[in-house]
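Secondary and tertiary structure notes
Listed below, chain by chain, are the residues.
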Amino acid sequence: MHATKEFNKKGFFKQFLLGLRISKSFTTNPISIEQRKNSIKLSSDLAMAFARGRTHWTRALISKLGGKEENTTMLKGIMGRRYGILMAIYSYPLPHQKVQRGKKIVRSYRFCSGANKRRALKGSCNRVSPSIVARNLVNRRTKVLKRLVPGGELLNGSSLLSETLDYVISLKAQVDMMKSLWKATQISSSRNVELDPSASCQGRKLLMLANSKDEFQLFKKS
Amino acid sequence: MSSQRRTITDEEIRELISKLQTLLPESRRRGANRASASKLLKETCSYIRSLHREVADLSDRLSDIMETMEGDNPQVEIIRSLLN
């Protein structure tokens, strides 16, 4: 159903390392710790989104990140002269998409909870329908999910589910890759540690990635 | 992706839900199919939040490491020391 993560790992590392290099170059100007942390997180999120390609949530995420003024320097550094094209490709929302306000859901929720409260106050026998309560819970939690998934507010039902699935997979991959990069730095900092063969194999792979100058090969492929 | 309406089968929805369940850490422990919509949503939301926190935490740790690194090219430093 979805693209395999093998390709995405390579793309992610390239992007992320590029972003790290750019964040590092910021150190020449006085930069706060907060800003450096933000630029690393930004590189990571962008790397994850670009590695995935164009989906609903990646477009929403990239547009959101690109819309913030403090991020433009970073984005332009990463994308180079393709900044304009890429921001257009990843524009969000598309003209025909409108943000749903979900009025129906809110109205029925208010109506139901009001009715339930009135019943409780009257002290009459508890005729709260469990299905209504369950439905409210589902609606509330769906709203929360919509806020968590980039672009979620435009989606409903099965689209929301499939985007959520895709997003969770990408998030997991992002975490795993950042962890392995961090572990690599741990190994490097303790130079007395005996390196096992798998570590140097991974190192060679990373070296190949780092030396490749073709930063946006992955865009031609996607 | 166009947002044109297309009928999605129950089968596809079931597949999505079961895939999501296999991803969530909770369901792996319990094993049995305890899917109720609200439970699934709740676990998904909390899982996404915990992943966000992990990313933020790892970003902090990586930025600390980067501070102690010399030179302009952090990845070359890492890899060089890996290979040595």
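Keep in mind it's a predicted model, so treat the numbers as computed, not measured.

All right, on to the overall build of chain A then. Each helix and strand counted, chain A has ten helices and zero strands in total. Within the span of chain A, comprising 222 residues, buried residues form 44% of the whole.

With that settled, the discussion passes to the overall build of chain B. For chain B, the count of helices and strands is four helices and zero strands. Listed by position from the N terminus, the elements making up chain B come as α-α-α-α. A total accessible area of about 5400 Å² is found for chain B, and carbon and sulfur atoms account for 47% of it.

On to the nonpolar core, then. Of all hydrophobic cores here, the largest spans 58 residues; its most connected members are Phe12, Phe16, Leu46 and Met79 of chain A together with Ile48 of chain B. In terms of residues, this core owes the most to one element, helix 8 (residues 157–189) of chain A, which gives twelve residues.

Looking now at a positive patch on the surface. On the surface, Lys143 and Arg147 of chain A together with Arg49 and Arg53 of chain B cluster together into a patch of positive charge. Among the secondary structure elements, those contributing two or more residues to the positive patch are helix 7 (130–148) of chain A together with helix 3 (37–68) of chain B. Summarising the element assignment, Lys143 of chain A is placed in helix 7. A relative accessible area of 43% places Lys143 of chain A in the partly exposed class.

This part covers the side chain of Ser63 of chain B. Among the secondary structure elements, Ser63 of chain B is positioned in helix 3. On the accessibility criterion, Ser63 of chain B (1% relative accessible area) is buried. Ignoring any residue separated from it by four or fewer positions in sequence, one finds Ser63 of chain B in contact with Arg36, Lys37 and Ile40 of chain A.

Let us look at the environment of Lys76 of chain A. All names here are of chain A. The topology assignment puts Lys76 in helix 4 (residues 72–79). Accessibility expressed as a relative area gives 47% for Lys76, which makes it partly exposed. The sequence separation of Lys76 and Phe13 amounts to 63 residues, and the corresponding C-alpha distance is 18 Å.

Attention now goes to the confidence of the model for chain B. All names here are of chain B. Across chain B, the average pLDDT comes to 74, with 61% of residues at or above 70. For chain B, helix 4 (residues 74–83) is the element with the lowest average pLDDT, namely 56, and helix 3 is the one with the highest, namely 89. Model confidence for the complex: the whole-complex pTM is 0.73, and ipTM, which rates the interface, is 0.78.

Burial in helix 4 of chain A covers these residues: Met74, Leu75, Ile78 and Met79 of chain A. With its buried residues spanning 115 degrees around the axis, helix 4 of chain A presents them on a single face.

Applying the stated criterion to the full structure yields two aromatic pairs over all chains. Each ring, one from Phe50 of chain A and one from Tyr90 of chain A, has its centre 5.3 Å from the other, and the planes form 90 degrees; the classification is edge-to-face. Highlighted residues: Phe50 of chain A in helix 2 (residues 33–52) and Tyr90 of chain A in the loop between helix 5 (83–89) and helix 6 (103–122), separated in sequence by 40 residues. Each member of the pair, Phe50 of chain A as well as Tyr90 of chain A, is classed as buried. The residue whose ring lies beneath Arg61 of chain B is Trp182 of chain A, and the NZ or CZ to ring-centre distance is 4.2 Å.

The subject of this paragraph is the pattern of salt bridges. Residue and element names in this part refer to chain B. Per the stated rule, a full pass over the model turns up six salt bridges over all chains. Put simply, Glu11 and Arg14 hold a salt bridge, and the shortest N to O gap is 3.4 Å. Separated by three residues within a single helix, Glu11 and Arg14 lie in helix 1 (residues 10–23), roughly one turn from each other. The exposure class of Glu11 is partly exposed, given its relative accessible area of 48%. What makes Arg14 exposed here is its relative accessible area of 54%. With a shortest N-O distance of 2.9 Å, Arg61 and Asp57 are connected by a salt bridge. Taken together, the residues span about one helical turn, with Arg61 and Asp57 both in helix 3 at a distance of four residues. Taking relative accessible area as the criterion, Arg61 reaches 30% and is therefore assigned partly exposed. With relative accessibility at 35%, the residue Asp57 sits in the partly exposed group.

Cut-offs and rules
Residues numbered from 1 in each chain as written. Chains lettered and ligands numbered in written order. Predicted model: local features only at pLDDT ≥ 70, side-chain atom pairs only at ≥ 80, totals over all residues. Heavy atoms only, no water. Helix = DSSP H or I, 4+ residues; strand = E, 2+ residues; numbered from the N terminus. Buried < 20%, exposed > 50% of the residue type's maximum accessible area, 1.4 Å probe, protein only. Areas by Shrake-Rupley, 256 points an atom, 1.4 Å probe, with all protein chains shown as cover. Core = buried A, V, L, I, M, F, W, Y, C linked by side-chain atoms within 4.5 Å. Patch = residues over 30% accessible without salt bridge, like charges linked within 9 Å, V, L, I, M, F, W, Y side chains within 5 Å. Salt bridge = Lys/Arg side-chain N within 4 Å of Asp/Glu carboxyl O. Lys, Arg positive; Asp, Glu negative; His and termini not counted. Charge placed at Lys NZ, Arg CZ, Asp CG, Glu CD. Contact = heavy atoms within 4.5 Å. pLDDT = per-residue confidence, 0-100. Arc of directions from axis to C-beta. Phe/Tyr/Trp six-rings, centres within 6.5 Å; stacked < 30°, edge-to-face > 60°. Lys NZ or Arg CZ within 6 Å of the ring centre and 35° of its normal.

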